[in-house]
Structure formats: C-alpha cells, structure tokens
Amino acid sequence: MRSRFNIHLDLKKLILCLAVSVTVITFLNGFYSSYQVQKQQLQQQTFRNHKAYAEKLVSATERFLLAAQQQLAFSAKILATQFTNENTLNQETQRLLLQTDSFNSTVVVDKQGVVLDISPSSLKLKGQSLDSDGAQQALDNKKPMISEPYISAAGNLIIFISHPVFNSKGEYLGYIGGSLYLKQTGILHDLLQVHYHQDGSYLYVVDKNRRLLYHPNVTRIGEQVFNNPVIEAVLRGESGAQQVKNSQNIMMLAGFAPLKIAPWGIVTQRSFSATYAPLDGLMMNVLYRTLPIGLATFVFIWVVARLISKPLRQLAETAHTLDKPSTSQQLKQVQSWYFESAELRKAMLKGVGLLHNQIGLLKHEAQTDPLTGLHNRRSLELMIDKLTLHHTPFSVLAIDIDFFKRVNDEFGHDFGDIVLQSLATIIVDVTREHDFVARTGGEEFIVILPNINVKSAYMLAERLRMRVSETTIQPVGCINISIGISGWPLQQLSVEEVLKHADQALYEAKKTGRNRSIIDAKYQDAEFLTLQ
Ligand SMILES: Nc1nc2c(ncn2[C@@H]2O[C@H](COP(=O)(O)OP(=O)(O)OP(=O)(O)O)[C@@H](O)[C@H]2O)c(=O)[nH]1
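Residues numbered from 1 in each chain as written. Predicted model: local features only at pLDDT ≥ 70, side-chain atom pairs only at ≥ 80, totals over all residues.

- The protein goes by diguanylate cyclase in an unreviewed UniProt entry, where it is assigned to Pseudoalteromonas haloplanktis.
- According to the UniProt record, the Subcellular location (unreviewed entry) comment for the protein reads "Cell membrane". (UniProt positions renumbered as here; feature names shortened; annotations may be inferred.)

Here it is, written out as structure tokens:
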C-alpha cells in the first residue's frame, strides 16, 4: 500500500528535526524567561531607585525651604527693633540676598504693603505698594508662609517665602520676604538640577494646583498638568512608584514623594526605552555565550542521530534485496548496537533464512520429478545449457521400459509406479555421481554422461540394461529396457537434434526387438567425442 504521505524523511532527519526543535524551543523559552526576569528586576530596581530619589529630593528641598524660613526669621528678629532704620533694612535685604544665596530677590514691606527696601535695588520697587498674590497673602496671614506660585510685578514666575515682623510689644510691623524665580537659576533650581541624572531620568516639582514649579524644560515651568495619575497620587500625599505615560505619550517608570512643608510633590522618572536599553546588550551577551554550547549540542545531536539511524538504514536497505543470497552476509555486517535494531536484525536474519529455505525448496520441486526424485525435463534443459555453455562434451542415453503398458494393465498403476521408482534407483546406482539422470515422460528416462564418448556410453547402457533385466521387482518380476544413444557435439548438430538422434536410436531399438542398446546411425563411426 502506498503511504498516505509521500514524504522522504529518514529517521536521522526526524531525530535531528525533533532534537533541534526541542533545543531551539528550550533555548528561546530560556532566553525569553531570562529577558522577562531581567526586565522585571530592572523595573523593580528603577522603581525603588526613583522612589528613594524622590524622597531624598523632598528632604533636600524641605531642608532648603526650612533654612530659607529660618534665615528670614533671623532677619525679622533683627528688624523688630530696627524697622524704621533704612540702613538696617538695606543691610538685611542685601545680606539675605548675597550671603544666603537662597533668594533671587529680598524685600521688606510695611503693614500697608509698601516696599521699605528691596534687593537688588535694580528692581526699583522701593516706596511702591506690592499687590501681588504673595504679598497680599503675607499681609493677610501675618505668619511665616510659602506662597503659591504667581506672576510678579516684574513679570517673573515667583514663589514668595515670607516671615512677619513684630515689635517687642507684639505689634505687626510688616514682613520680610524672599522670592524664588522659578524660571531662572537660583538655589532651588541648582538643588534640583544638581541631581539631574544623565541616564535619561528627569524630575519635576508640582504644586497643589498641578502647576509645574520645576521642570528640566524651563518653558514648561508654570504649566498645569492634568490627568496624570502620578501627580494625583503625590498630591494626595502618597509616595511610591508606578508606570505612567508622560505628556509626550512616552511610557515612564516614575517614583514620587510629597513635601510636608509645602503642598508640593516631586516626581522623578525615566523612560522605558532608557531603562531597558542595557537589557539588549545583556541579552546579546547571553546569546553569544549560549551560542557555542548550542552549536556543540547540535553537533552532538547530529552524531547521535547518525549512530541511531545507521543500523536501521542499513537494515532498511537490505530489506529491498531479501531474496539475494548475499543478504544474510550483509545483515550480519550491520552493527546493531542497541536493543531494537539488534532484535530487528535477528528477526530479519531468521526471516531471510526461512525465505531462502523456501526458495530452495520451491526450486528443488520445480526441477524434480515427484515420483522418482530424479531431475525433470526443465532441470534437464538447464543442465544441457550449462554443459554447452562450457563446451563440455556429453553422451545421451534415451531409456524406455519395454511393454510397460502390460505392467500397468496386469498389476495396476501403483505397481507401475514402483517399477518406475525401482528403475530410477538402478539408473542412479549404475551411473557416476556427476552423471545426470532425468525422467522426461511416462516411462522415459534421459541420462546425460558428461565427458563420455558414445562408445563408452554404449558400454554403460549395456551394463545398465543387463542390471535391469537381472533385477526382480516385486511383485512385477523382471523388466527390460531399450536404450538409444547419441552424443554432443557432432558435426554441426544442435542439442535438440542430438536428443532427437537418441530418440531415433531408441525407436530403432524398439523396432528391432527391444531389450537392447543402439547407437544412433550417425555415430556409428565415432570412436571419441571431440570439441568442435
Ligand atoms: N504406472 C504408471 N504408468 C505410466 C505413467 N506414465 C505413463 N504410464 C504408462 O506407461 C504406458 C506406456 O505404454 P506405451 O507407450 O504403449 O508403451 P509400452 O507399453 O511400454 O510399449 P513399448 O514402449 O512399445 O515397449 C502406458 O500404459 C501409460 O499409462 C506413470 O507415471 N505411472
């Protein structure tokens, strides 16, 4: 039956395919898992770092704001007794501006909101009323405060830190304050800029109105940012870390922490691509390191596949020629080194043995006369072909039982068979081992005598005839035979003609009284046979 799949895959290729697929899948799975684990670790690490970083910046910023408030408190104490002394006012505003380096400008304002002194003086606001949000808040609150960001009279985005000034009787005199220009360099800017990472991380500070107080992109300072879950979380007073999409729709890993001293929050973040960039190199490294082992595994599998498939392939190839005599030898040479192939070889050897026995038996039956066990006509033809092929001369005896019909008629067919078998035994007994005896018809026999001339053949025929006539076959008694003799080669006669001449001589013997041997007339003068 034809295979449903006409695929020319051999075992070696199948093993190789299977093993390579398993190896590649295992490798890819390992590679992918390792990538995912590394990525997760990197993400966790980045979250931890950024949260810690945001908290650290919160504490640094709070320290700075606290220090600024303390500096203002110190000045307010001095001004409590010197509020009308212009020199002292000027000294304090300048000292705060230059010594502390905390503010972009400093100012002393009386309780009506009029500027008593301002540094730098280039701002030219002395004597003017301040009506900015920060100034108004400071006057209204009469306590230390940090304002919300607002646009100053000079057009700067400002945060104003102020401290009230009370005299010894506790009367409110005004306040002293310092402003931080959010869009310009200053201590707050420096503080946050110093910490700015060069690895793709950045941070921003946001106030309760979701307004950016600090951002590395200065143009965005003052901008309000809505719908940002990280900003919402930090303004709720939470600190932590999470993934977030920034305003440019870039995925970020963010850490965040709120300030306590002001309603602000600090967010530090890094893009996915910057975070995971080292992974590419790492994974390439893994690939390079795994490659030699992978190649070695492949070679190992290839060799093993060859070893496993070799005996089976040899057995499969031998299976095509089971009827050849050399098959057994070929099977014995197959090195079946593992159980299944060894068993298969054993079974094939057994099968081949049985097959050859069967073939031999059939061959024997095809060339044997079943009654006498002598060669039959087919076998006779093969023998003659062989002799003529090798130019081996031979003589022919054509033998026939005289009046055999009478035996059958008188004793029955079965006893007739016994006579035939007895005659066969006598012929084999009288002839030599390498002479060829065949039963070619009912009671007709042909004997081929290789390398025997017709004269010697005649003498053997006579010996045979005498022996037959002297042998008693129970219950038939004695029988006689007639023999015609010819030989090959003779002149240009073919083998068929030679056999015909033996028949003619036999006919002659019958005609001239039976129980005799006659050499065909053509051979009367032939003393010896010679090759032509
Ligand atoms: N028992 C037996 N008889 C056979 C067999 N084959 C042929 N015969 C018989 O052999 C006989 C041959 O008879 P004929 O051809 O008349 O020859 P014959 O009686 O021997 O007479 P001649 O040959 O002239 O001497 C026939 O009776 C056949 O039936 C066989 O296998 N067994």
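Here we look at the overall build of the protein
Working step 1: Helices and strands together make up the secondary structure of the protein, namely 13 helices and 18 strands.
Working step 2: Within the protein, buried positions represent 30% of all 532 residues.
Working step 3: The contacts of the protein with a sequence gap of at least 6 include a subset with a gap of at least 24, amounting to 60%. (Helix = DSSP H or I, 4+ residues; strand = E, 2+ residues; numbered from the N terminus. Buried ≥ 20, exposed ≤ 12 C-beta atoms within 10 Å, placed from the backbone. Contact = placed C-beta atoms within 7 Å.)

Quick word on the pairing of strand 6 (residues 172-181)
Working step 1: Of all ten residues in strand 6, seven are buried; the element is thus mostly enclosed.
Working step 2: Bridge count between strand 1 (residues 105-110) and strand 6: six bridges; the pairing is antiparallel. From the neighbouring strand, V107 faces strand 6, where its bridge partner is G177. (Pairing = 2+ DSSP bridges.)

Quick notes on the site of the ligand
Working step 1: Residues in close proximity to the ligand total 16 residues, the closest being D402, F404, K405, G416 and G442.
Working step 2: Mapped by element, the contributors of at least two residues to the shell around the ligand are strand 12 (394-401), helix 10 (404-411) and helix 11 (413-430).
Working step 3: Considering each element in turn, the shell around the ligand owes the most residues, four residues, to helix 11.
Working step 4: Class assignment for the residues of the shell around the ligand results in five nonpolar, four polar and seven charged. (Near = placed C-beta within 6 Å. Nonpolar A, V, L, I, M, F, W, Y, C, P; charged D, E, K, R; others polar.)

A closer look at helix 2 (residues 86-98)
Working step 1: The terminal C-alpha atoms of helix 2 lie 18 Å apart, and with 13 residues this matches the ideal 18 Å at 1.5 Å per residue to within 8%.
Working step 2: Among all positions in helix 2, only L89, E92, T93 and L96 are buried. The buried residues of helix 2 all sit within an arc of 95° when viewed along its axis, so they share a single face. Facing away from the buried side of helix 2 by more than 90 degrees, the exposed set consists of N87 and L98.
Working step 3: Along its buried surface, helix 2 packs onto helix 1 (11-82), strand 1, strand 2 (115-119) and strand 6. (Expected span 1.5 Å × (residues − 1). Arc of directions from axis to C-beta.)

Quick look at the UniProt feature "transmembrane region" (unreviewed entry) in the protein
Working step 1: When the UniProt feature table is mapped onto this chain numbering, "transmembrane region" (unreviewed entry) sits at residues 286-305.
Working step 2: Along residues 286-305 one finds 100% helix and 0% strand; the C-alpha atoms at either end are 28 Å apart.

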